[in-house]
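# Remarks on the overall topology
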Amino acid sequence: EIAQALGTDRFLREIEVTGRLHHPGLIPQLDSGEAAGCPWFTMPYVAGESLRDRLRRDVQLPLPEVLRIAREVADALAYAHQHDIVHRDVKPENILLEDGRAVVSDFGLAKALTAAGGKKLTDTGITVGTPVYMSPEQAAGKKGLDARSDIYSLATVLYEMLAGDPPFTGATPQAILARKLAEPVPPLRTVRPDVPPELQRVIERGLSRAPGDRHTTVEAFVAALESR
């Protein structure tokens, strides 16, 4: 369905832009093209598990490991943001653990899909991104997303690593967005009492509904996490 909605040339141009990123915390894109009308791109094989695999094995992770993963993911995000690229789909499936280090995959894919599909993609009802981890502004289809949208997604991943579940879930994307817009963030210390109160406050700030209430950069967000 996505391939049918895409403008392939636009998709490949967007993918090419993200392929120019070079950072140890990013999985690079090696090549891209089109086959039988379907756009494709390739990345190196990562000999490791995803953060999702890790969370399936150990539902709640130790606090030092959570902060290390957050710092490494944030370092990769900060590099991309400096090049005006927002990931748009930060989630445990896109965080891979390679030799003990967290690396981020699928950089720019959501942006490439959205840019290429345009209104046709919207009309199909296909959501580019993962509703549980999306910022409210991304879920609402706002344009001009910036670093603060990725901060929201990273804060959601942090919350899940500590609590065992994301802060907001639901049966449909609409139900998830409604909860994000209407309900307060469930207190993290209710399910994880060993989380310091200051750390809970930093994560809750990262999960603020309004982008203006979050940290302006991912570097500032992580600095607040580590100074708690």
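Provided above is the structure to which this section pertains.
What this report covers is the structure whose coordinates are included nearby.

Conventions and cut-offs
- As a convention, each chain's residues are numbered from 1 in the sequence order in which they are written.
- At least 70 in pLDDT is required for a residue's local features to be given in this predicted model, at least 80 for side-chain atom pairs to be given and counted, and no such filter applies to totals for whole chains, interfaces and linings, which use all residues.
- Where side-chain values are given, they derive from all heavy atoms of the structure, hydrogens and water being excluded.
- Here, any two strands with at least 2 DSSP bridges between them count as paired.
- Every helix listed is a DSSP run of H or I at least four residues long, and every strand listed is a run of E at least two residues long, numbered separately from the N terminus.
- Working rule for contacts: check all heavy atoms of both residues, and any pair within 4.5 Å makes them a contact.
- The axes are straight lines fitted to the C-alpha atoms, using for helices just the contacting stretch, and the angles between their N-to-C directions are given from 0 to 180°.
- Relative accessibility decides the category of a residue: with a 1.4 Å probe and only protein chains considered, values under 20% of the type maximum give buried, values over 50% give exposed, and everything between is partly exposed.
- Directions drawn from the helix axis to the C-beta atoms are what define this arc.
- An angle below 35 degrees is treated as roughly parallel, one above 145 as roughly antiparallel, one from 65 to 115 as roughly perpendicular, and anything else as oblique.
- Throughout, a crossing is termed right-handed when the near helix is turned clockwise from the far one, and left-handed when it is turned anticlockwise from it by less than a right angle.
- Asp, Glu, Lys and Arg are counted as charged, while Ala, Val, Leu, Ile, Met, Phe, Trp, Tyr, Cys and Pro are counted as nonpolar; the rest, among them Gly, fall into the polar class.

## Points about the sheet that holds strand β4 (residues 95-98)
Reading across from one edge, β3-β4-β5 is the order of the three strands in this open sheet, with antiparallel pairing throughout. A strand with exactly one partner marks an edge of an open sheet, and here the two such strands are β3 (49-50) and β5 (101-104). Pairing geometry for β3 and β4, over two bridges, is antiparallel. Looking at β4, one finds that Glu49 is bridged to Leu97. Across the face of the sheet, helix α4 (residues 63-82) comes into contact with β4 and β5 while running at roughly 35° to β5.

## As for unusual backbone geometry
Here Asp84, not a glycine, exhibits a phi torsion of approximately 60°, which is positive. As for its placement among the helices and strands, Asp84 is situated in the loop between α4 and β4. Given a relative accessible area of 67%, Asp84 falls into the exposed group. Within the chain, Asp99 stands out as a residue other than glycine whose phi angle is a positive 55°.

## Topic: the pairing of β4
As paired elements, β4 and β5 share four bridges and run antiparallel to each other. What sits directly across from Leu97, in β5, is Ala102. What sits between β4 and β5 in their antiparallel hairpin is a turn of two residues, with Asp99 showing a positive phi close to 55°.

## A look at helix α8 (residues 173-182)
For α8, the set of buried residues is Ile176, Leu177 and Lys180. Viewed along the axis of α8, the buried residues span an arc of 95°, placing them on a single side of the element. Away from its buried face by more than 90 degrees, α8 exposes Gln174 and Ala182.

## A closer look at the packing of helix α7 (residues 147-163) against helix α10 (residues 197-206)
Between two packed helices, what matters for the description is the angle formed by their axes and the separation of those axes. In contact at an axis separation of 8 Å, α7 and α10 are set at 140° when each is read in the N-to-C sense. Regarding the angle of α7 to α10, the classification is oblique. Taken as a pair, α7 and α10 cross one another with a handedness that is left-handed. Contacts between α7 and α10 pair Ile151, Tyr152, Ala155, Leu158, Tyr159 and Leu162 from the former with Leu199, Ile203 and Gly206 from the latter. Here the contact of α7 with α10 is built from residues that sort into eight nonpolar, one polar and no charged.

## So, the pairing of strand β1 (residues 31-35)
Here five bridges tie β1 to strand β2 (residues 38-42), and the two strands are oriented antiparallel to one another. From the neighbouring strand, Gly33 faces β2, where its bridge partner is Trp40.

## Side note on the environment of Pro166
In this fold, Pro166 is placed in the loop between α7 and α8. With eleven residues separating them in the primary sequence, Pro166 and Ala155 have C-alpha atoms 9.5 Å apart. If we ignore the near neighbours within four places in the chain, the residues touching Pro166 are Val132, Tyr133, Thr156, Tyr159 and Glu160.

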